[in-house]
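# Structural features, examined
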Amino acid sequence: MSLLEVTDLTVSFPTEDGVVRAVRGVSFSINVGQTLGIVGESGSGKSVSTQTIMGLTRGAQITGSAVFEGRDLLGMSQQDLRKVRGAEIGMIFQDPLSSLHPQYRVGWQIVEMIRAHEDVSKKDATKRAVDLLGLVGIPQPDRRVDDYPHQFSGGMRQRAMIAMAVALNPKLLIADEPTTALDVTVQAQIIDLMERLQSEFNTAIIMITHDLGVVADIADDVMVMYAGKPVEFADRRTLYYRPHHPYTKGLIESIPSSEGGRGRLKPIQGQPPSLINLPSGCSFHPRCPYVMDQCITEVPPLRQVAGSPSHRSACWLPVDEVGFGDDVEAQREKVAASRRGALATQESEVVPAVVSAAGTTAPPPAQAGPTDTSDNSDIGDQQ
Amino acid sequence: MGRFIARRLLFGVVVLFVISLAVFVLFFVVAPGDPAANFVGKSPTPEQIQQAKVRYGLDKPVPEQYLQYVGRLLHGDLGYSFRNAEPVRKTLLDRLPATASLAGGAAVVWLLMGIPIGILAATKPRSIRDRLATVFALGGLSIPPFVAGLLLLYFLYYRLSLNGLDIFPASGYVPLTQNPFEWARHLILPWFALALVTAASYSRITRGSLLEVLGEDYIRTARAKGLSERRVIYRHGLRSALTPVVTLLGIDVGTLLGGAIVTEVVFGLQGIGQNAIVAVSTGDLPVIFGTVLFAAFFIVIANILVDIAYAVLDSRVRLA
Ligand SMILES: Nc1ncnc2c1ncn2[C@@H]1O[C@H](COP(=O)(O)OP(=O)(O)OP(=O)(O)O)[C@@H](O)[C@H]1O
Ligand SMILES: [Mg+2]
């Protein structure tokens with residue numbers, strides 16, 4: 001049985017400008033000791049989905065379920081959820097400076113975490129805090145335990161955050177872009193540290209990032225998100241070498257000197273769409289080089305892709321053409337061209353230029369309105 | 001920390017020095033007429049003026065005069081009132097307890113009203129209680145202390161007395177050391193009259209500051225740690241949110257120690273402010289002059305205390 005199973009999670013924020021549909025049907029599961037990578041551009045809903053699971057999104061309309069060890073976190077009372085937070089699911093955030101309270105000592109903040117869940121004396125908890133700081137590689141932990149966060153370097157702060165998050169030996173660690181705010185060298189150290197802790201304590205990790213390189217290092221499986229929806233699922237190797245979704249390919253090709261990019265840097269054109277006025281059909285279609293008529297009118301469901309049984313992609317392109325290379329490109333171009341009517345021709349001409357997200361969305365055709373054929377029921381059984 | 005305090009104290013001394021210079025220039029150099037005439041009361045004889053000149057060193061060149069003046073200040077000599085010939089310093093010190101009682105008590109009242117109302121509003125923004133807090137703030141801000149004082153007097157003194165309920169006296173001051181109960185009973189209406197406006201503004205400041213802090217990343221961390229919402233708001237949120245309140249409190253109390261003129265007059269409290277009003281209306285320059293310096297002194301002290309409080313509250317300040 002999986003440790004955490006999220007099914008059909010949606011999160012919307014009513015705002016003055018309209019309803020922000022930040023998460024629109026996310027399903028995934030993660031097993032004990034496994035690592036799931038979640039990647040996607042800024043604003044794709046990575047943080048909102050994971051924070052919602054922990055009950056940390058306020059003022060949102062939430063549907064779906066998130067079953068952790070047999071209990072639905074979304075239906076839990078605040079009281080019960082609090083016992084899960086920190087103790088059973090730890091969280092690490094992007095900016096370690098702003099995520100630690102500036103006016104309390106690092107050690108105090110770890111002690112507080114321990115004592116919120118366990119009935120131990122301050123002295124014992126402090127001893128554990130020192131041990132934890134040592135465990136995450138902070139030199140002279142018995143002295144640094146009395147430092148304030150601003151006396152730590154960026155990398156040390158993130159180590160301290162990790163020490164706090166693993167203090168109670170949680171079964172799941174949610175790391176929300178833990179390395180984005182750090183130097184490249186420090187990034188690698190932090191990832192190493194997390195891998196070490198994972199193998200030591202058999203912690204499951206959800207690693208959120210917009211950096212596919214980080215995911216390639218650590219994740220077992222990867223979920224790619226775009227505009228609040230998962231667009232591709234695969235194990236790390238498959239995703240990296242045989243991606244199906246044009247968005248995933250775009251992400252890989254925009255990593256400098258990646259194998260996929262083969263030295264050519266091809267950033268994805270355009271900007272992420274407005275989550276209030278989403279494009280019709282596939283929400284990636286205004287930026288997609290292969291856009292076809294169907295993409296504009298119908299929402300692609302997650303479909304199994306050739307090769308690996310756990311590989312799924314939400315794209316209307318044929319499921320047997322995956323990966324990189326000129327053959328694949330040519331084949332895809334051919335398919336796309338053959339299925340491109342007046343609608344998509346218009347769209348695809350706009351693509352090479354810089355597309356402003358909301359403005360270029362073509363109005364849905366009068367006769368064939370956008371039909372939401374997305375059906376996420378086939379995602380839940382992943383793994 | 002020791003060095004930090006020393007630096008602040010030194011800075012405070014410099015500020016006081018600058019203020020004394022400004023006051024000196026104002027009263028002795030740029031003031032119209034013969035400054036000596038200001039020190040001898042109305043319609044003096046030429047001999048009296050000459051006497052005053054010698055006495056205050058006004059026959060000497062200006063820089064030397066200033067040095068003498070600073071020398072007197074250092075000895076705590078603020079001169080003599082020409083209304084009753086009392087040493088100004090003694091008058092001010094005699095009246096300080098009433099003013100300090102008023103300011104201190106009012107501060108307690110406005111903190112106890114303003115901060116909880118601010119917290120209630122901030123923890124549920126746009127709720128009914130937030131709106132009620134806004135109404136309180138707008139109401140409080142638009143009722144100046146003299147109106148509040150007169151309203152309190154009318155309802156809680158006059159109307160109650162008419163019905164034979166002498167709960168609150170209309171005026172007067174009883175020293176704390178003499179009878180603490182009477183002290184509080186005499187001050188309770190002035191406290192509220194003076195505190196209302198400030199409570200209103202403190203409730204707004206607390207609300208804004210706490211709302212901002214509650215959006216911080218470290219509050220999300222506190223929640224992710226599984227702390228109770230109470231602890232998140234009070235230990236983590238308020239800790240940061242009260243810093244601007246502490247700053248204001250120091251300045252506000254410091255300012256009030258120089259005299260809460262309107263409230264003291266409305267409630268007949270023999271404080272520094274009431275004394276200053278009498279001095280202004282009778283042209284009692286030495287008293288006005290002493291009061292200005294006295295008030296400046298408290299404001300400077302309050303500023304130093306605020307800086308120290310800041311450093312205690314926030315470790316980052318100390319290193320700065
Ligand atoms: N409280 C809120 N009210 C309204 N909109 C919100 C709220 N919280 C998040 N959003 C919106 O939801 C969308 C998804 O945000 P989210 O933080 O999950 O993105 P992300 O994928 O984590 O991006 P990043 O890489 O920048 O962290 C964003 O467009 C954001 O503006
Ligand atoms: Mg995020």
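Note that this is a predicted model, so its numbers are computed, not measured.

Scoring rules and cut-offs
Residues numbered from 1 in each chain as written. Chains lettered and ligands numbered in written order. Predicted model: local features only at pLDDT ≥ 70, side-chain atom pairs only at ≥ 80, totals over all residues. Heavy atoms only, no water. Helix = DSSP H or I, 4+ residues; strand = E, 2+ residues; numbered from the N terminus. Buried < 20%, exposed > 50% of the residue type's maximum accessible area, 1.4 Å probe, protein only. Contact = heavy atoms within 4.5 Å. Areas by Shrake-Rupley, 256 points an atom, 1.4 Å probe, with all protein chains shown as cover. Lys, Arg positive; Asp, Glu negative; His and termini not counted. Charge placed at Lys NZ, Arg CZ, Asp CG, Glu CD. Pairing = 2+ DSSP bridges. Domains from an automatic or database assignment. Buried area = accessible area lost by both parts, 1.4 Å probe. Near = heavy atom within 4 Å. Polar contact = N/O pair within 3.5 Å; in protein donor to acceptor, adjacent residues only side chain to side chain. 1 Å grid on protein atoms, 1.4 Å probe; cavity = no way out; pocket = protein on both sides within 12 Å on 5 of 7 lines; lining within 4 Å. Points joined across faces, edges and corners; volume = space filled by probe spheres on them. Axes fitted to C-alpha atoms, helices over the stretch in contact; angles between N-to-C directions. Core = buried A, V, L, I, M, F, W, Y, C linked by side-chain atoms within 4.5 Å. Expected span 1.5 Å × (residues − 1). Arc of directions from axis to C-beta. Salt bridge = Lys/Arg side-chain N within 4 Å of Asp/Glu carboxyl O.

## A word on the overall build of chain B
If you tally the helices and strands in chain B, you get 15 helices and 0 strands. If you line up chain B on its principal axes, its C-alpha atoms span 80 × 60 × 35 Å. Burial statistics for chain B: of 320 residues in total, 42% are counted as buried. Contacts spanning at least 24 positions in sequence make up 70% of the contacts within chain B whose residues lie at least 6 apart. Taken as a whole, chain B presents about 15900 Å² of accessible surface, with 68% of it coming from carbon and sulfur. For chain B, the distance from the average site of its 29 positive side-chain charges to the average site of its 19 negative ones is 11 Å.

## Things to note about the pairing of strand β4 (residues 61-68) of chain A
All names here are of chain A. For strand β1 (residues 4-15) and β4, the ladder comprises 7 bridges, and the chain directions are antiparallel. Bridging across to β4, Leu4 finds its partner in Phe68. Pairing between β4 and strand β5 (residues 71-72): 2 bridges, direction antiparallel. Residue pairing across strands places Phe68 opposite Arg71, the latter belonging to β5. Taken together, β4 and the strand that follows it, β5, pair antiparallel across an intervening segment of 2 residues, in which Glu69 is found at a positive phi of about 50°.

## Topic: the domain arrangement of chain B
All names here are of chain B. Here chain B is described as being made up of domain 1 (2-77) and domain 2 (95-319). For domain 1 versus domain 2, the separation of C-alpha centres amounts to 33 Å. In this assembly, 17 residues from domain 1 lie in contact with 15 residues from domain 2. Interface area, domain 1 with domain 2, both sides summed: about 1400 Å², of which 87% is carbon and sulfur.

## So, the site of ligand 1
Residues and elements named next belong to chain A. Neighbouring ligand 1 are 15 residues; Ser42, Gly43, Ser47, Val48 and Glu177 lie closest to it. A distance of 3.2 Å separates an oxygen atom of ligand 1 from a polar atom in the backbone of Ser44. One of the side-chain N or O atoms of Ser47 is found 2.6 Å from an oxygen atom in ligand 1. Contact with the protein chains removes 65% of the 640 Å² of surface that ligand 1 exposes when unbound.

## A few points about the layout of surface pockets
Computed from the structure, the largest pocket encloses a volume of approximately 910 Å³. In terms of lining, the largest pocket is formed by 26 residues, of which the most central are Arg58(A), Gly59(A), Pro125(B), Leu214(B) and Arg223(B). When residues of the lining of the largest pocket are traced back to their parent elements, those giving at least two are β1 and α1 (46-53) of chain A together with α5 (88-123), α8 (180-214), α9 (217-224) and α10 (229-241) of chain B. When its volume is computed, the second largest pocket comes out at roughly 500 Å³.

## A closer look at the sheet that holds strand β8 (residues 204-209) of chain A
All names here are of chain A. Pairing is mixed in the open sheet, where 8 strands are placed in the order β6-β7-β8-β3-β9-β10-β12-β11. Both edges of this open sheet fall to β6 (89-92) and β11 (303-304), since each of them pairs with a single strand only. Across the face of the sheet, helix α7 (residues 154-165) comes into contact with β6 and β7 (172-176) while running at roughly 170° to β6. Strand contacts of helix α8 (residues 184-201): β3 (35-39), β6, β7 and β8, with the helix running at about 160° to β8, the strand carrying the most contacts.

## Comments concerning the nonpolar core
All names here are of chain A. Residues Leu4, Phe28, Leu73, Leu172 and Met194 are the most contacted members of the largest nonpolar core, which totals 109 residues. Of all the elements, α7 adds the most residues to this core, at 7 residues. Two domains each provide a minimum of three residues to this core, namely domain 1 (4-97 + 170-253) and domain 2 (98-169). When residues no more than four places from it in sequence are discounted, the contact partners of Met194 are Ile92, Ile162, Leu173, Ala175, Pro178, Ile205, Met207 and Ile218.

## Considerations on unusual backbone geometry
Residues and elements named next belong to chain A. With a phi angle near 50°, Gln140 is a residue other than glycine that sits in the positive phi range. In this fold, Gln140 is placed in the loop between α5 (122-135) and α6 (141-144). Positive phi, normally seen in glycine, also occurs at Asn202, with a value near 55°. Since its relative accessible area comes to 45%, Asn202 is described here as partly exposed.

## Here's the deal with the sheet that holds β4(A)
Pairing is antiparallel across the open sheet formed by 4 strands, whose spatial order is β2-β1-β4-β5 (chain A). Every interior strand has two partners, whereas the edge strands, β2 (18-30) and β5 of chain A, have only one.

## With respect to α8(A)
All names here are of chain A. End to end, α8 covers 26 Å across 18 residues, agreeing with the expected 26 Å (1.5 Å per residue, within 8%). Every buried residue of α8 is accounted for by Val186, Gln187, Ile190, Ile191, Leu193, Met194, Leu197 and Gln198. Within α8, the buried residues cover an arc of 155° as seen down the axis, which keeps them to one side. Exposed positions of α8 whose direction lies more than 90 degrees from the buried face are Val184, Thr185 and Ser199. Asn202, located one to two residues past α8, shows a positive phi value of around 55°.

## Quick look at the pattern of salt bridges
Taken as a whole and assessed by the stated rule, the structure comprises 18 salt bridges over all chains. Where Arg144(A) meets Asp147(A), a salt bridge forms, and the shortest distance between an N and an O atom there is 2.5 Å. Relative accessible area serves as the criterion here: at 13%, Asp147(A) is assigned to the buried category. Of the charged contacts, one joins Asp130(B) and Arg207(B) as a salt bridge, the two residues approaching to 2.8 Å between their closest N and O atoms. Within this pair, whereas Asp130(B) is found in helix α6 (residues 128-142), its partner Arg207(B) is found in helix α8, the two being separated by 77 residues in sequence. The exposure class of Asp130(B) is buried, given its relative accessible area of 4%. Among the residues examined, Arg207(B) registers a relative accessible area of 18% and is labelled buried.

## Quick word on the interface of chain B and chain A
Each side of the interface is counted separately: chain B has 22 residues, and chain A has 27 residues. Summed over both partners, the interface of chain B with chain A buries about 2300 Å², with 52% contributed by carbon and sulfur atoms. The interface formed by chain B and chain A includes 3 salt bridges. Here Arg231(B) makes a salt bridge to Glu112(A), at a shortest N to O gap of 2.6 Å. Linking chain B with chain A are 13 residue pairs in polar contact (both at pLDDT 80 or more), by the criterion used here.

## Some points on the side chain of Arg24(A)
Residue and element names in this part refer to chain A. For Arg24, the position within the fold is in strand β2. The class of Arg24 is buried, set by a relative accessible area of 14%. Beyond its immediate chain neighbours, meaning those up to four positions away, Arg24 contacts Leu9, Thr10, Tyr226, Ala227, Gly228, Lys229, Leu278 and Ser283.

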